[in-house]
Amino acid sequence: MKHIVSKLVSQALAELPELAEAAADLDLEGAVERTRDASHGDFASNVAMRLAKPARKSPRDIAAAIVAALGDNDAVDKTEIAGPGFINFYLSPAAFHAELAAILEAGEDYGRKPKQDGPKILLEFVSANPTGPLHVGHGRGASYGATVGNLLEAVGYPVHREYYVNDAGRQMDILGASVWLRWLEANGIDVPFPQGGYRGGYIRDIASAIDTSGIEPASADAVTAGLPEDTDENADAYVDALVARCKELHGEDGFDRIRQQALESIRDEIREDLEEFGVHFDEWFSEQSLTKTNRVDDALAVLEERGMLYEKEGATWFPSTRYGDDKDRVVVRDNGVKTYFASDIAYHFDKRERGYDHLIDILGADHHGYVTRVRGGLEAMGYEADDLEVQFVQFVTLYRSGERVQMGTRSGQFDTLRQLREEVGSDAARFYYVSRSNDQHLDFDLDVAKAQSSDNPVYYIQYAHARVASVFRQLGEKSLSWDAANGRAKLQALVEPQEKTLMTSLSRYPEVVELAANNRAPQHLVHYLRDLANDFHTYYNAHAFIVDDADLRDARLYLISATRQVIANGLGIIGVSAPEKM
């Protein structure tokens, strides 16, 4: 409903040439806000104070001129000038009735803006290394990223969701060697497992399922001969030597077969986990493809052409300190191997080359150092640094019975997202993950998430939706029907305080969606839905809906039907179901 007031102010200014010029560059939508105190009206505008300097007039005189130019409007009962020049707007019941009609006419599209042509957004999130199952922390990034994508689409932006599969480099080699050793173990060849390998039980599962036809198991002596000692100080060197030994014994092709099968197995499990969690991607982008399509070379060539690379100690460096980094970064090592940073630059270069205008990366809280240098890489290639926006997701701590749950791989302890979903369900997990700002640590109470009571916010909100459905079932059981058209015509019968409160809350929904989208802050929508559910439950407990007076009954059913629609729309953006029964 904010747009109603903004439009009225705009129309009034158009009638005042001496003010219209001064207001030409003014954001009128931003000059209107809901009041915190209902006694001051529904909306207030500070447009008069914003125009005082450019118009060289007092704010109160400007406010008086705007109010005089407003004229009569069915949506506004009255206006007042307050304080130094605020204009307070008191909306009419007809304005709120029209909004209820808009909710039911738009249905699932209520609160959504028309699709825009741009800017095109590439949203990358989760992108967990395919070296093991998704853990609880990845779940928060998944839920947050998916909800941000839904919010951005709701306000009209074209969004492409992408998972960057880190399927190249040393970590994949270590994964391949880990699976290889477990495969040898299953074939009765006992080789001490390296400290630096991947130890989860899933590695044995992969090893037992891979196709190793044509690859003969090597003896333990052949594997370990000449390798360095596997000590704490030497763990990295030892595991790297094992990788080299596997390639030596089975050839690059043999090792690649093992590594690729391990990668595909874990990637497919991650994909399945996310699909079951309601998180979907438009593309799974392979890091390997950057090399296969020469994208890394292309990006480095652009930097070279622009004089943004230099040679030192046999390596090629990018001068990232020019862009605020704490040190320059190697892009090609002295042995000719390109670094992870070179791939990162190439990946973001590729995103822009594919035609995406704004890049949003959602990363774990331990990636802060990443931002400056990647932005620097984009800027060095001729793009704007602000083309890249990074949102960080803080860590998650689980609690049960007031005690912190130790997360690990031992029996009975939480580790994976799948375990969490099995414990509390996807709805509760999706909801709780976005219930706090992404840059704040999240304490996740398992007992509350499972509670079927008002203590559990997601249950409380879903119960409001189910309660409305229950009312309509009761209507049928009483052999009554709802005349929606009559309900729309008789909305003036809704005069109770709880009805006015609920109508006001419903009208806020589009503004909350826009606020949450613009600030990448799903928690605003979570808090709104909780408040809306509370307003509905208060109304439910105070008044009967299926009353003898058909006009009043139809009007109240119209109001709660609109409430059901808004709750369903909001939960849908968060990725939570809206059940008909509970």
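Values in this document were obtained by computation on a predicted structure and should not be read as measured data.

**Q** Looking at this structure, I do not really get the sheet that holds strand β2 (residues 43-45). What am I missing?
**A** Two pairing modes exist for strands in a sheet, parallel and antiparallel, and in both the strands are linked by backbone hydrogen bonds. Taken together, four strands build an open sheet; the order of strands is β1-β2-β4-β3 and the sheet is antiparallel. One side of each edge strand has no neighbouring strand; the edge strands of this open sheet are β1 (32-34) and β3 (76-82). In this sheet, neighbouring strand axes are inclined to one another by 25 degrees on average, regardless of whether the strands run parallel or antiparallel. Two strands pair when backbone bridges link them, and β1 and β2 are joined in this way by three bridges, in the antiparallel orientation. By the bridge assignment, Val 32 is partnered in β2 with Ser 45. Contacting β3 and β4 (86-91), helix α4 (residues 59-70) crosses the sheet at an angle of about 170 degrees to β3.

**Q** What am I meant to see in the sheet that holds strand β13 (residues 396-400) here?
**A** One open sheet accounts for three strands, arranged β14-β13-β15; its pairing is mixed. Only two strands of the sheet have a single partner each, and these edge strands are β14 (403-404) and β15 (442-445).

**Q** Please clarify how the packing of aromatic side chains should be interpreted in this entry.
**A** Each aromatic ring pair is specified by the distance between its two centres and by the angle formed by the two planes. With the rule as written, the count across this model stands at 23 aromatic pairs. On the basis of an interplanar angle of 65 degrees and a centroid distance of 6.2 Å, the ring pair of Trp 482 and Tyr 558 is categorised as edge-to-face. Placement of the pair is Trp 482 in the loop between α18 (457-477) and α19 (484-489) and Tyr 558 in helix α23 (residues 550-574), with a sequence separation of 76 residues. You can call Tyr 558 buried: its relative accessible area is 6%. Here Tyr 509 and Tyr 528 contribute two aromatic rings whose centre-to-centre distance is 5.9 Å and whose plane-to-plane angle is 45 degrees, an arrangement assigned as tilted.

**Q** What am I meant to see in the side chain of Arg 467 here?
**A** Tracing the backbone through its elements, the reader meets Arg 467 in helix α18. As a buried residue without a salt bridge, Arg 467 has its nearest oppositely charged side chain in Asp 535, at a separation of 12 Å. Only 3.0 Å separates the side chain of Arg 467 from the side chain of His 537, close enough to count as a polar contact. Beyond its immediate stretch of four places on either side in the chain, Arg 467 contacts Phe 536, His 537, Tyr 540 and Asn 541.

**Q** I keep staring at the pattern of salt bridges and nothing clicks. Help me out?
**A** As a working rule, side chains carrying opposite charge can pair if their charged atoms are close by. Scanning all chains against the criterion turns up 33 salt bridges. Residue Glu 162 pairs with Arg 354 through a salt bridge whose shortest N-O separation is 2.9 Å. On the criterion of sequence distance, the pair formed by Glu 162 in strand β6 (residues 159-165) and Arg 354 in the loop between α13 (340-353) and β11 (358-364) is long-range, its members being 192 residues apart. What makes Glu 162 buried here is its relative accessible area of 0%. The class for Arg 354 is partly exposed, based on a relative accessible area of 26%. Among the ionic pairs, Arg 267 bridges to Asp 268, the shortest N-O distance being 3.6 Å. Via salt bridges that share partners, Glu 162, Glu 283, Arg 295, Asp 298, Asp 350 and Arg 354 belong to a single interconnected network.

What counts, and at which threshold
- Residues numbered from 1 in each chain as written.
- Predicted model: local features only at pLDDT ≥ 70, side-chain atom pairs only at ≥ 80, totals over all residues.
- Heavy atoms only, no water.
- Pairing = 2+ DSSP bridges.
- Helix = DSSP H or I, 4+ residues; strand = E, 2+ residues; numbered from the N terminus.
- Axes fitted to C-alpha atoms, helices over the stretch in contact; angles between N-to-C directions.
- Contact = heavy atoms within 4.5 Å.
- Phe/Tyr/Trp six-rings, centres within 6.5 Å; stacked < 30°, edge-to-face > 60°.
- Buried < 20%, exposed > 50% of the residue type's maximum accessible area, 1.4 Å probe, protein only.
- Lys, Arg positive; Asp, Glu negative; His and termini not counted.
- Salt bridge = Lys/Arg side-chain N within 4 Å of Asp/Glu carboxyl O.
- Polar contact = N/O pair within 3.5 Å; in protein donor to acceptor, adjacent residues only side chain to side chain.

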